[in-house]
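Examination of the molecular architecture
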Amino acid sequence: MIDERDKIILDILVKDARTPFTEIAKRLGISETAVRKRVKALEEKGIIEGYTIRLNPKKLGYSLVTITGVDTRPEKLFEVAEKLKEFDFVRELYLSSGDHMIMAIIWARDGEDLADIISNKIGKIDGVTKVCPAIILERLK
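Residues numbered from 1 in each chain as written. Predicted model: local features only at pLDDT ≥ 70, side-chain atom pairs only at ≥ 80, totals over all residues. Heavy atoms only, no water.

1. Side note on the packing of helix α1 (residues 4–15) against helix α3 (residues 32–44)
- Two elements in contact, α1 and α3, have axes whose closest approach is 11 Å; the angle formed by their N-to-C orientations is 85°. Relative to α3, the element α1 lies roughly perpendicular. Only R38, V39 and L42 of α3 make contact with α1, whose side of the interface consists of R5, D6, I9, L10 and L13.
- Residue composition of the contact of α1 with α3, grouped by class: five nonpolar, no polar and three charged. (Axes fitted to C-alpha atoms, helices over the stretch in contact; angles between N-to-C directions. Helix = DSSP H or I, 4+ residues; strand = E, 2+ residues; numbered from the N terminus. Parallel < 35°, antiparallel > 145°, perpendicular 65-115°, else oblique. Contact = heavy atoms within 4.5 Å. Nonpolar A, V, L, I, M, F, W, Y, C, P; charged D, E, K, R; others polar.)

2. Notes on the side chain of D6
- On the secondary structure map, D6 appears in helix α1.
- Setting aside residues up to four positions removed in sequence, D6 forms contacts with R38 and L42.

3. What about the pairing of strand β2 (residues 90–95)?
- Here β2 pairs with strand β3 (residues 102–108) via five bridges, running antiparallel. By the bridge assignment, V90 is partnered in β3 with I106. (Pairing = 2+ DSSP bridges.)

4. A short note on the sheet that holds strand β4 (residues 128–135)
- Taken together, four strands build an open sheet; the order of strands is β2-β3-β1-β4 and the sheet is antiparallel. Each edge of the open sheet carries a strand with a single partner, namely β2 and β4. Each strand axis lies, on average, 20° off the axis of its neighbour in the sheet, ignoring direction.
- Examined bridge by bridge, strand β1 (residues 64–72) and β4 share seven bridges and lie antiparallel to one another. Bridge pairing in β4 links G69 to C132.
- In the packing of helix α4 (residues 77–85) onto the sheet, contacts are made with β1, β2, β3 and β4, and the angle to β2 comes to roughly 160°.

5. Observations concerning the pairing of β3
- Of all seven residues that make up β3, six are buried, and the element is covered over most of its length.
- Where β1 and β3 come together, seven bridges link them in antiparallel fashion. Bridged to G69 within β3 is M103.
- Adjacent in sequence and paired antiparallel, β2 and β3 are bridged by six residues. (Buried < 20%, exposed > 50% of the residue type's maximum accessible area, 1.4 Å probe, protein only.)

6. Some points on the UniProt feature "domain: HTH asnC-type" (unreviewed entry) in the protein
- Here, UniProt's "domain: HTH asnC-type" (unreviewed entry) annotation points to residues 2–63.
- Helix makes up 53% of residues 2–63 and strand 0%, whereas the separation of the span's terminal C-alpha atoms amounts to 40 Å. (UniProt positions renumbered as here; feature names shortened; annotations may be inferred.)

7. Focus on helix α5 (residues 111–122)
- In a regular helix each residue adds 1.5 Å, so twelve residues correspond to 16 Å; α5 covers 15 Å between its end C-alpha atoms and thus fits that length.
- Along α5, the residues classified as buried are L114, I117, I118 and I122. Relative to the axis of α5, the buried residues are bounded by an arc of 85° and lie together on one face.
- Buried positions along α5 lie against β1, α4, β3 and β4. (Expected span 1.5 Å × (residues − 1). Arc of directions from axis to C-beta.)

8. Focus on a nonpolar patch on the surface
- Taken together, the side chains of I53, L55 and L60 make up a nonpolar region of the molecular surface, amounting to roughly 290 Å² of accessible area.
- Here L60 lies in the loop between α3 and β1. (Patch = residues over 30% accessible without salt bridge, like charges linked within 9 Å, V, L, I, M, F, W, Y side chains within 5 Å. Areas by Shrake-Rupley, 256 points an atom, 1.4 Å probe, with all protein chains shown as cover. Salt bridge = Lys/Arg side-chain N within 4 Å of Asp/Glu carboxyl O.)

9. Re the environment of D6
- Residue D6 is classed as buried on the basis of its relative accessible area of 7%.
- Taking the C-alpha atoms as reference points, D6 and A41, separated by 35 residues in sequence, lie 9.7 Å from one another.

Written as structure tokens, this is what we have:
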């Protein structure tokens with residue numbers, strides 16, 4: 001179980017994982033050592049799984065980002081998912097219980113690149129029955 005201080009630490013780190021422990025300690029009114037111990041405990045409990053950065057796809061030449069639903073024949077679900085994991089253009093990949101069996105975040109350079117990804121890469125994987133991209137217009141949060 002985590003307490004209110006742990007929740008505040010998590011909130012700070014989610015907003016900026018590079019926040020110095022000294023700054024977190026000042027905000028909480030505790031020592032830097034206490035913050036370090038709490039963060040280490042959160043890591044050991046598996047609450048904090050890792051630290052990462054968020055990239056700006058447009059600044060890297062990807063003008064289209066999609067949330068793409070992929071449906072498969074049921075017996076091919078895991079095989080298709082494994083193949084999708086191999087593609088660099090698939091930035092995130094999830095199994096889903098919603099409208100689609102698999103959801104993928106895909107980065108494409110432009111419409112032509114996206115069409116190629118859908119038709120010639122994802123669409124040609126054995127077992128794929130449907131590919132439904134939704135272009136993200138704006139990230140709000």
